[in-house]
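Structure assessment
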Amino acid sequence: MAWKLIAAALLLHIATAQKCALITNGLGYTSPSGDILIHHKVDDLDLECIINKPEVLRKYPNTANDWLQFKHGNSLLNFTKVAGDGARIHLHVDADKLEVNETCPTYSCLWRSEIVCDNVVCVGTPPKPKDFKCISYNNDNFTCTWTHPENGIKPTIYNVSYTVQSQRQKVTPCPHTPIYNMADRSYKCVWTLTSTPSYRQSSEYYNITLTASNKLGDYRINLPVFHHFAHIIPNKPEGLEVVNSTTSSLYLRWGIPATIQHRTLQYRVMYQCGLEMPERVRDGTFKQAIIDTVSEKSSWTFNLTNLPHPHDLCDVRVSLRINLTRDEGMWSQNATLYTLTAPTVPGQGPQVDMGSFKHINDTAVRIYWHLVPAEFHNGPKLEYDVRVVRGAGNVIIDRTRQMKNSAVIGNLSSNQNYTFAVYARNEIGPQITPHAHITIPAQYQRPYQVRELKKIENTKGFKLSWKPRFPDNENPIVNYTVFWCREITKSFNEDCNGDWEWATVPRDQNESKYEYNTSLNVNSTTSFRVAIASNSERGSSGMFFPTCEESGEQIPSINLIKPTQFGDTSVKLNWMVKCTTEGIANYTIEYCIGDQVSHDCRSKKRSSVNVDGSVTEFTIGNLTPYATYLFTIYPTMKNGNKGKTSDPERVTTMEGKPTEPLDLIATKVTNTSIALEWKKPETANGFISYDILNNSVRVASNIKDTNYSLEGLTSYDLYNLTVVACTSNKCSNPSNCISLRTLMGTPGRVKAPTAKSINTTDIFIVWSKPTDPRGPVTYEVLVDDGEVNTFTNKLELYHYKCVQKSTSFTLTVRAVNHDEDLNKTYYGDWSDEFKGSCSPSMGWLIPLLIVLSFLLVGLAYFSKRLYTRCKKMQDIDVKLPSTLIMHKDTSAWPSQNDPNIRDPKPPSAADEELLLQSRPEGLKTPYVGDSSGCSSAQGSVTSESEGTFSAASDSGTEQSELRKRSFRNSSKTSLLGAECGGTGKNESYSQVGMNMGIESNPLAEMDDVIPKPSLCTYMQPYVDANPVVNRPPETANSSYVTVAQARSLPKPKEEAITVNKPYVQVADIKSVGMKREPPQVDANRSYVTVGQMPQMKLFKED
């Protein structure tokens, strides 16, 4: 029993020593471990999985393999449990069930869905390359290629080498590791003239060996006695060209590649012509013209003849092959040439029938013809022409309405016959063959047209039936011509876009029929235009088209009328119904954008709209601006039958607003120009031109291309540019905006510098920035003081340092722009010279001149004020109160102009006494005099109130002098004395004066009688000549006021001031202390009171 335990422990130890190399969970391992290589269809796959984890074995000593399984991809595999071992399972797969797979699959062992271990199984074979061959390409290199078969055993090692027949011991291996191409699983090895080892191109025979090996085995291919020269594939012929051509031949020439010119070659010429012909003409296969040899030539020629047609497009191909082989795979690539045979005049003309014309009206017809077949065009630009053969008058052939199969002729007379010739011409000339002639008979020679013409279409063609109109004895009908034109697109042409064909039908007395069946299926897009002509011996009636087509009922025919109302997105259509409008349920309008070349729809898709059968006009909207549309209309009957589609009407909508131009960029910027490029708008909506805008202002217009250069711009200026696309009446939104600045340019001239400040040591010189800087200018200053200094300065300021006081210098400035990107400098013109001098300072002179200027201005100002004030004082008027007005009859006074009145003389003593004693009887108001002297017009006094006023006279010592003073001559005379010191030497006192210039003043009335000088003499006693010395003794009750006292009086009230200022009111004088009674004057009575003034007598001076 003990030995069993020891054996179990030993087995457990051995088991735990086995581990899986890929999985680290320690559950167990697989055997064999690692990658497994299987020889395809030789080896089976046997794989075991063992659990050896102690914990698992202790827990499940005999049943651990109950949870073991094998998995391949997503599939669980069948396995067997190993008998007697509860921890092991076994997987077996037969060899024929294992497939070769280059991506070796993984087999996994799982225990309770947990991986125990993985094995990669690779199935393959020993190497066996395919398609091994070696070719020399143009004798320039030698290349061996082979195909690597699919194999799961990797890697496969290939080696290829060759030996030449004369040196079998010298092996030439591949100069590089074989190159693998995954696309076709091929390898190749290339020897060239410059490789190591190199291509031995002069050896005729090789012995080539290819070996391959992998982990399952080796493989070897030998190519003994390989004829090297027979395995050269030349390059294709060089410079294939046509040296000369005729209408049926091409003379060819080509060059031989230089490296094989010493070899004998075969050349092969193949061709296919009629490439632009209809399918019925060309068969679509290449014809072999020749296989011949050429030896040791640098070029070769060959004349390809017997070509079928002039001006025929042919595909010519020439190839080369070494003459030592007949292997078709050894031909070189083809040199290909597409060329035309020589053109000539058309080989055949159009065909007509006697009735192939249609009367448009009494003076115009349309002639129809059968087109020239394509194989007889014989040249480019085939067209048809019509000429008059017989007929008088100025016949007009309308070229504008000519189509490829018809022409309109006008200005005809219905009373005469006309004959026209129809012929073809191309770029070479007109046809040589006879022209087709057609006669338009006069009206009296035309037979009647048929009646009840009906057409029924089917899937194979059409049926046509008709009846004669009535017997025609003058022009009896001989037969009929039935015309038809097969329209491939059945509605979009003015007449018919196909070719007219016709057949002659014998005359039947009662009714005639014609049925046409084509071998082609007629589908819904195919329609037949049919017509019939009645023919007699004298002429034909011309083509008659059915107005209605019959399919069990009468179906109306509709004509569209040329639209007159259309915009950029809409068209208003009108139509006219020819047959009948009864039974029409609705109309269907179909439209599409037409192709400008084929006159068909640009695409197969057509738009349609249904319109009620009761209307004959409709507006189509949502159209594309400036697009040519093709419109057709057909009716649908109430029973569901569809009517005939009308002829198409072509309408071009008006131009609309384009979309904005795209991707505006600047391609080049200089200091005077900006080059722009942009892309066209996505939708043009018309013929567009472009405008360029700067800050929304147009700077260039009517540009046709998508690039433009703005010239003559200002240097270093900012531009915000956009482009708009414009049609005839609308412009797009602006494109993207680009902001850029032009480059620097030559700046303008700086104005002459000036000195800002000067002293004995420094001069500061300034200048202004040029008006057109054209860049971030700096400045260069040129100073001439015995030497030249130039330097760059960004400020408009220069500091000149004086070295010597007597130094003089000149200075000029110019603006400079330096473009660092272009390494280019632009210099402006030098300014005018500034001339400076370092002289002693005269700085004190300017302040002195300024002070003197202010003094002079002030003196002038105050002088003017003083003058103005004096003038005003001269014009002061005296106005007396009403109580002081003297009532005197002046009628007895002498006139002022009386010659007997002379200048007044000093009065006598008696006169003075009389003046002093006289007093008016009626005057009750006492007077108070002023002993302060004469008034100087400083205080004219006025009062409107009833007040007391006294006037006293001072000593009479100055009266003689006062009498001599003249009275001021003015319109309003002042009675207070002379202005500005007119009272003599003593003017420190001013008597309070009174203005007597009022209307009730009796003195004012005396101005016309009494001479003003005399009046002045008697008024001057108011002035005190010596107020200080001769002042009256009664000072306590003095009625005099000094000047200082007068100035200290209160200002007059505004309402008391009438004309002149300043005034002193009489009421204010009372406050000074003047008495009502005049003072008693005994000694000196040189003063006269105001109350005594009326009693004064006038006198003349003796």
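Here the structure is a predicted model, which is why all the values come from computation and not from measurement.

Procedures and definitions
- Residues numbered from 1 in each chain as written.
- Predicted model: local features only at pLDDT ≥ 70, side-chain atom pairs only at ≥ 80, totals over all residues.
- Heavy atoms only, no water.
- Helix = DSSP H or I, 4+ residues; strand = E, 2+ residues; numbered from the N terminus.
- Buried < 20%, exposed > 50% of the residue type's maximum accessible area, 1.4 Å probe, protein only.
- Contact = heavy atoms within 4.5 Å.
- Pairing = 2+ DSSP bridges.
- Disulfide = S-S within 2.5 Å.
- Polar contact = N/O pair within 3.5 Å; in protein donor to acceptor, adjacent residues only side chain to side chain.
- Phe/Tyr/Trp six-rings, centres within 6.5 Å; stacked < 30°, edge-to-face > 60°.
- Patch = residues over 30% accessible without salt bridge, like charges linked within 9 Å, V, L, I, M, F, W, Y side chains within 5 Å.
- Areas by Shrake-Rupley, 256 points an atom, 1.4 Å probe, with all protein chains shown as cover.
- Salt bridge = Lys/Arg side-chain N within 4 Å of Asp/Glu carboxyl O.
- Lys, Arg positive; Asp, Glu negative; His and termini not counted.
- Charge placed at Lys NZ, Arg CZ, Asp CG, Glu CD.
- Axes fitted to C-alpha atoms, helices over the stretch in contact; angles between N-to-C directions.
- pLDDT = per-residue confidence, 0-100.

**What to know about the overall build of the protein**
For the protein, the count of helices and strands is nine helices and 63 strands. A total of 1102 residues make up the protein; the buried ones form 45% of that total. Counted over contacts in the protein with a minimum sequence separation of 6, partners at least 24 positions apart contribute 70%.

**As for the sheet that holds strand 10 (residues 130-137)**
Spatial ordering of the open sheet is given by 14-15-11-10-18, a layout of five strands whose pairing is mixed. Since the sheet does not close on itself, it has two edges, and those belong to strand 14 (179-181) and strand 18 (232-233), each with one partner. Sheet analysis places strand 10 next to strand 18, joined by two bridges and oriented parallel. Its bridge partner lying in strand 18, S136 is registered against I232.

**Structural notes on the state of the cysteines**
One pass over the structure, following the stated rule, counts eight disulfides. Here C104 pairs with C122 through a disulfide, and the sulfurs are 2.1 Å apart. When the S-S torsion is 120 degrees, as for the bridge of C104 with C122, the disulfide is right-handed. With a gap of 18 residues between them, C104 in the loop between strand 7 (88-93) and strand 8 (106-111) and C122 in strand 9 (residues 114-124) connect regions that are remote in the sequence. Through a disulfide, C273 is tied to C314; the S-S separation comes to 1.9 Å. Measuring the twist about the S-S bond at about 105 degrees, one finds the C273-C314 disulfide to be right-handed. Within this pair, whereas C273 is found in strand 21 (residues 264-273), its partner C314 is found in strand 24 (residues 313-322), the two being separated by 41 residues in sequence. You'll find C273 and C314 in the same group, each marked buried.

**A look at the side chain of D691**
Among the secondary structure elements, D691 is positioned in strand 50 (residues 689-694). Polar side-chain contacts of D691 include one of 2.7 Å to the side chain of R698. Contact partners of D691, with chain neighbours within four places excluded, come to R698, A700, S701, N702, T722, V723, V724 and C726.

**A look at the pairing of strand 13 (residues 167-173)**
Remark: a regular strand shows side chains that alternate across the two faces of the sheet. Bridge analysis of strand 12 (residues 157-164) against strand 13 gives three bridges, and the strand direction is antiparallel. Its bridge partner lying in strand 13, Y162 is registered against T172. The hairpin turn running from strand 12 into strand 13, its antiparallel successor, is two residues long.

**Concerning the packing of aromatic side chains**
A full pass over the atoms with the stated rule returns 31 aromatic pairs. For the ring pair F142 and W191, a centre distance of 6.0 Å and an interplane angle of 40 degrees mean the geometry is tilted. Here F142 is found in strand 11 (residues 141-147), whereas its partner W191 is found in strand 15 (residues 186-192), with 49 residues between them in sequence. The same class applies to F142 as to W191, namely buried. For the ring pair W678 and Y690, a centre distance of 5.3 Å and an interplane angle of 65 degrees mean the geometry is edge-to-face.

**Points about the side chain of S673**
Of note, S673 is situated in the loop between strand 48 (662-669) and strand 49 (674-679). Contact partners of S673, with chain neighbours within four places excluded, come to K668, S709, L710, E711 and L713.

**Concerning a negative patch on the surface**
A cluster of acidic residues, D43, D44, D46, D94, D96 and E99, forms a negative patch on the protein surface. Overall, D43 belongs to the partly exposed group, its relative accessible area being 30%.

**Observations concerning the sheet that holds strand 2 (residues 36-39)**
Here five strands make up an open sheet; going across it, the order is 2-9-8-4-5 and the pairing mixed. At either margin of the open sheet sits one strand with a lone partner, and together these are strand 2 and strand 5 (75-77). Neighbour to neighbour, the strand axes of the sheet diverge by 35 degrees on average, direction disregarded. Two strands pair when backbone bridges link them, and strand 4 (residues 68-72) and strand 8 are joined in this way by five bridges, in the antiparallel orientation. From the neighbouring strand, F70 faces strand 8, where its bridge partner is C109.

**Focus: the confidence of the model for the protein**
Chain-level pLDDT for the protein is 76 on average; 71% of the residues reach the 70-or-more range. Note that residues 901-905 has pLDDT below 50 and, in this model, 14 contacts with residues that lie over four places away or in other chains.

**Some details on a nonpolar patch on the surface**
There is a patch of nonpolar side chains on the surface, built from L848, L849, V851, L852 and L855 and spanning about 440 Å² of accessible area. Residue position: V851 is located in helix 3 (residues 845-874).

**With respect to the pairing of strand 46 (residues 628-637)**
For strand 46, a buried count of 10 out of 10 residues is recorded, marking the element as mostly surrounded by other parts of the structure. Of the two faces of strand 46, the one lined by T628, L630, T632, Y634 and T636 and the one lined by Y629, F631, I633, P635 and M637 are each fully buried. Looking at chain direction, strand 46 and strand 47 (residues 649-652) are connected through four bridges and run antiparallel. Considered in strand 47, the bridge of F631 is made with E649.

**Describing the environment of R220**
Here R220 is to be found in strand 17 (residues 217-227). Discounting residues that sit within four places of it in the chain, R220 has contacts with T209, L210 and T211.

**A look at the pattern of salt bridges**
The final tally for this structure, using the stated rule, is 16 salt bridges. Note that E102 and R185 form a salt bridge whose closest N and O atoms lie 2.5 Å from each other. Here E102 is found in the loop between strand 7 and strand 8, whereas its partner R185 is found in the loop between strand 14 and strand 15, with 83 residues between them in sequence. We note a salt bridge from D315 to R317, for which the minimum N-O separation is 3.0 Å.

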